[in-house]
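# Structural features, examined
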Amino acid sequence: MEMDQKIMNSRPRIAALGMVWVLASALGQVIPVAQAATPPSAPAPSPVSPDYVIGPGDSLQIFVWRNPELTTSVPVRPDGKISTPLVEDMPAVGKTPTQLARDIEKVLAVYVKQPQVNVIVTVPASVFSQIRVIGQVAHASPVAYREGMTVMDCVLAVGGLTTFAAGNRARLVRTIDGKQYELPVKLDALINHGDMSQNLPVRPGDVLVVPESRF
């Protein structure tokens, strides 16, 4: 009777151990399945806007869906072209990433069924992706464009205005369809008086000109 009683008392612990073993076994089966279901890594978001115009010196990632052997990173050569697996000497300069992706798809369609291509600008380095700041600033130089950049961002990037700057006579020179337009910018009002109406958004290829004051 005493032995039977011990067996009866041990049954709950045995059952609990059995449940732990079953749970561990189940987890051991679930983990590999979850790992196997992880989708392939997608290309990282582009640091530039969708209407960005590709230029010489830019670095591009060409992502071909379900064809990793065709996915590659390439620079835009000085002649404005790129070469990728199965696509040689493809003109890239002057196109947006989406336009270039469609052009690559047309070439790949000869070798791959319904290719899907993404073009990511990983390093925007061409003059098309820069804002040039010239005139009476601490360090006149090109500034790399980023999404949402404004006039104030450009001025801060070059160290601010000099003591001889005529900030309220500054202008933003922009080329649209081959024609140049000038947008007046009152930098003194913006920087010294907080007039945010003068904090104009900039675009790749803009030139911010800060003239010298007149004595």
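Residues numbered from 1 in each chain as written. Predicted model: local features only at pLDDT ≥ 70, side-chain atom pairs only at ≥ 80, totals over all residues. Heavy atoms only, no water.

## Remarks on the nonpolar core
Counting 21 residues, the largest nonpolar core has Leu60, Ile82, Leu100 and Ile104 as the members making the most contacts within it. If you list the elements that add at least two residues to this core, you get strand S1 (59–64), strand S4 (87–91), helix H2 (97–108) and strand S5 (117–123). Considering every element that reaches this core, the biggest residue donor is H2, with four residues. Those residues in contact with leucine 60 that sit more than four places away from it in its chain are Ile54, Thr72, Ser73, Val74, Val76, Ile82, Leu100, Val119, Ile120, Val121 and Thr122. Ile131, Val137, Val143 and Tyr145 belong to the second-largest nonpolar core, a separate cluster that totals 19 residues. (Core = buried A, V, L, I, M, F, W, Y, C linked by side-chain atoms within 4.5 Å. Buried < 20%, exposed > 50% of the residue type's maximum accessible area, 1.4 Å probe, protein only. Helix = DSSP H or I, 4+ residues; strand = E, 2+ residues; numbered from the N terminus. Contact = heavy atoms within 4.5 Å.)

## Quick look at the environment of alanine 125
Topologically, alanine 125 is positioned in the loop between S5 and strand S6 (130–135). Given a relative accessible area of 37%, alanine 125 falls into the partly exposed group. As for alanine 125 and proline 56, which are separated by 69 residues in sequence, their C-alpha atoms are 7.8 Å apart. Among all residues touching alanine 125, those that are not within four sequence positions of it are Tyr52, Gly57, Asp58 and Gln130.

## Here we look at the pairing of strand S7 (residues 141–144)
Judged from the four bridges that link them, S6 and S7 form a sheet pairing that is antiparallel. For glutamine 130, the partnering residue across the bridge sits in S7 and is alanine 144. (Pairing = 2+ DSSP bridges.)

## Things to note about a nonpolar patch on the surface
A cluster of nonpolar side chains, contributed by Val53, Val93, Val127 and Phe128, occupies part of the molecular surface with about 280 Å² of accessible area. In this structure, phenylalanine 128 sits in the loop between S5 and S6. On the accessibility criterion, phenylalanine 128 (34% relative accessible area) is partly exposed. (Patch = residues over 30% accessible without salt bridge, like charges linked within 9 Å, V, L, I, M, F, W, Y side chains within 5 Å. Areas by Shrake-Rupley, 256 points an atom, 1.4 Å probe, with all protein chains shown as cover. Salt bridge = Lys/Arg side-chain N within 4 Å of Asp/Glu carboxyl O.)

## Section: the pattern of salt bridges
Where charged atoms from two side chains of opposite charge come close, those side chains can pair. The final tally for this structure, using the stated rule, is seven salt bridges. A salt bridge links aspartate 103 to lysine 95; its shortest N-O distance comes to 2.6 Å. Taking relative accessible area as the criterion, lysine 95 reaches 16% and is therefore assigned buried. Across the salt bridge formed by arginine 174 and aspartate 206, the nearest N and O atoms sit 2.7 Å from each other. Within this pair, whereas arginine 174 is found in strand S8 (residues 170–176), its partner aspartate 206 is found in the loop between helix H4 (187–193) and strand S10 (207–210), the two being separated by 32 residues in sequence. Assessed through its relative accessible area of 1%, aspartate 206 is described here as buried. Through salt bridges with shared partners, a single network forms among Arg77, Asp79 and Asp89.

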